[in-house]
Amino acid sequence: MSLPTCPIPLGDYPRVLLAHGGGGRLMHRLIDELFLAAFGAPATRHDGHVFTPPAGALAVTTDSFVVRPLFFPGADIGALAVYGTVNDLAMCGAAPHALAAAFVLEEGLAIETLWRVVHSAAAAARAAGVPIVTGDTKVVERGKGDGVFITTTGVGVVRPGVELAPAHIRPGDAVLLSGEVGNHGVAVMAAREGLTFTAPIESDAAPLWPLVEVLLTATGGAVHVLRDPTRGGLATTLCELAAGAELGLEIDAAAVPVAAPVGAACELLGLDPWYVANEGKLVAVLPGDHAPAALAALRGHPLGRDAAVIGTVTEAHPGRVVARNALGGTRVIEMLSGEQLPRIC
Amino acid sequence: MRYLDEFRDAATARALLERLRRDAHRPVTLMEVCGGQTHTLLRYGIVELLPPAVRLVHGPGCPVCVTGVELIDRARAIASTHGVILASFGDMLRVPGSHGDLLGARAAGADVRLVLSPLDALQLARAHPTREVVFFAVGFETTAPATALALRLAREERLANFSVLAAHVRVPPAIEAILAAPDNEVTALIAAGHVCAVMGFWEYEPLATRFGVPVVVAGFEPLDLLLGITRAVAAHDAGQAGVENLYPRAVTREGNRAAQALIGEVFVVADRPWRGLGVIPQSGLDLAPAYADLDAAARFPLGEITAVESTVCRAGEVLRGRLRPDACPAFASACTPEHPLGAPMVSSEGACAAYVRFAAGRGAGSSR
């Protein structure tokens, strides 16, 4: 992706100043020349975006993004802020309609860095087919932020007839996963700790609505629930689903795809890839007889190439997730307490 | 993944389990020493697949779990000193001392950093010459050489702002203490592969002879442990006492001489209190006199620290293999990974955490 030159001449103000959030001339220049240059100027300059809601149910979601480092292999905070929110909409069965984005900038942040982030967010929005229609910027004193924090809010239009909720899960349902887990979290951690691997590990950040659309089409809307296993990873998502449905999940551990370099990095760091964050994967629970069509549909899409049926829903052990491994042994999958920490020896 | 997948092969594992079920008749109480091994056993559900004659008890091999409360309190107090950066390994930051853990100190304003290596702590000292950087050095003989290397480099570079709070412990004296206890039930041992990779296994030979128990050195993958259990059970059945090395891809009898020399240069053996086990003679590593000026305990004189232990926590019995984690009255009720009363509930190598994580509510092995 080639980056257009930052429109604000670096010689003027190479770094974000408190005045950039002060409401005066500098702030207006930042908005006009940087944000609007990337996101596109609205038809009317206004404090908000006015629109007539499209027909059907609407979904709304919001998410804040804090990540260090701001840039990591495969994505950055700008792309993440867009994909994270459109994916939350997609998990509601909604196509993204419009996004709002608020940026909290730390005094001293290089304008060049901000431009890269904003440009990346704009590119991600184009890739997701959603306009960023309104926004906000604030500047906090140096030391009171991590460069840039972004909050995005999204409005989406729910596909007619689709109603997704853990309460719809039934015994006998199949649990599908759209691809390999752990890539995003390991990519960020490796970038943060300065770890390099011979096979580079990239974040899987991607907009999921197109994948959801083919899945809903292939199953005639029979999907019971969708979830993107972000923070806390696949394991946490499965636990949430089991708790929400008050049913048990039986997972075939060997069926859960993990890329070899991610598996190796996790071994090295003492992490469990099932608990590592993803930004471009989904878990779908749907009636067992729809599983073959659903799997074929997922695998037919580039984002679902490695999709797999990873388990089934059972009335046994309600609220619990049990993974069976190839040895025949089982383990209970629990939600993570605190953060995953690297092991000692 | 090469060197990993081979040691997780399901068909071989099932064959080993089959052989074990056929051959294991005489009751044996087997202790796996290392917490990493405990986690593999629970993670792969191996505990529930073992025949009834084989009883597994989990050993004290979690360095975080056995670090004394007094040392954690001291680390917390040092971390809270103005201008100090305290660095340690991830797990250590969450272990409760008398007044909370190191992450709590960080939340209250202390500069506490998570590092993956003592050399990362050294790098912090180079990068922040005006700050005092203290590395809280926990771990068995596995991590002691890296701490020793950091200290030697600090000396060579004349880094005046680096020091170490030494909490390193040695495995063989703890094993001896467990086997020598009057109420000991352990009749066979699986020794910790990584400790032996550094120290060799010769230290276990006199212990095996003296207490008449078979000791097998094993790795950390499911097949490593299943083979280790199979061989330990066979030796126990045959009444053999001795050491067998089943981890030759990492371990030799003599171990890593260079690492041992480094430990010998920087540390001296000292008595050390283990959390839950009391003072074990000759079980700790303190800084040698030549490195005394890099000892954080001396650089930050805090005086006497009165450590307060939870009265409910029975971690000591768990660490000695006397109590299975899920048999503790506080297990998963008063004591959880979110609100741990004792260290074994915190660490990724702690036995209590392993039971919560992989076997909660099912009572792993309790059906037997």
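Criteria and cut-off values
Residues numbered from 1 in each chain as written. Chains lettered and ligands numbered in written order. Predicted model: local features only at pLDDT ≥ 70, side-chain atom pairs only at ≥ 80, totals over all residues. Helix = DSSP H or I, 4+ residues; strand = E, 2+ residues; numbered from the N terminus. Contact = placed C-beta atoms within 7 Å. Core = buried A, V, L, I, M, F, W, Y, C linked by C-beta atoms within 7 Å. Buried ≥ 20, exposed ≤ 12 C-beta atoms within 10 Å, placed from the backbone. Pairing = 2+ DSSP bridges. Axes fitted to C-alpha atoms, helices over the stretch in contact; angles between N-to-C directions. Parallel < 35°, antiparallel > 145°, perpendicular 65-115°, else oblique. Nonpolar A, V, L, I, M, F, W, Y, C, P; charged D, E, K, R; others polar.

1. Quick notes on the environment of H49(A)
All names here are of chain A.
- The residue H49 is located in the loop between α1 (25-39) and β1 (58-65) in this model.
- For the pair H49 and T134, spaced 85 residues apart in sequence, the C-alpha to C-alpha distance is 6.1 Å.
- H49 has contacts with P42, A98, V133 and T134, leaving out every residue within four places of it along the chain.

2. Observations regarding the nonpolar core
- L86(B) and A191(B) are the most contacted members of the largest nonpolar core, which has 244 residues in total.
- If near-sequence neighbours (up to four positions away) are discounted, L86(B) is found in contact with A75(B), I78(B), A79(B), A110(B), D111(B), V112(B), V134(B) and F136(B).

3. So, the pairing of strand β11 (residues 278-287) of chain B
Residues and elements named next belong to chain B.
- Looking at chain direction, strand β10 (residues 267-274) and β11 are connected through seven bridges and run antiparallel. Bridging across to β11, P273 finds its partner in V279.
- Hairpin connection from β10 to β11: three residues lie between these consecutive antiparallel strands, with G276 at a positive phi of about 85°.

4. A closer look at the packing of helix α9 (residues 171-180) of chain B against helix α11 (residues 204-211) of chain B
All names here are of chain B.
- Running from N to C, α9 and α11 cross one another at 5°; their axes reach a closest spacing of 11 Å. One finds that α9 runs roughly parallel with respect to α11. Contacts between α9 and α11 involve P172, I175, E176 and L179 on the former and, on the latter, Y204, L207 and F211.
- Grouping the constituent residues of the contact of α9 with α11 by class yields six nonpolar, no polar and one charged.

5. A short note on unusual backbone geometry
- R68(A) connects to P69(A) through a cis peptide bond whose omega is 0°.
- Of note in this structure, E246(A) is not a glycine but carries a positive phi near 55°.
- Considering the arrangement of structural elements, one finds E246(A) in the loop between α6 (233-245) and β9 (248-252).
- Phi is positive for Q282(B), which is not a glycine, with a value near 60°.
- In this fold, Q282(B) is placed in strand β11.

6. Side note on the environment of D204(A)
- Secondary-structure assignment places D204(A) in the loop between α4 (183-193) and α5 (209-218).
- Those residues in contact with D204(A), other than ones at most four positions away along the chain, are G74(A), N183(A), H184(A), N278(A), E279(A), G280(A) and K281(A).

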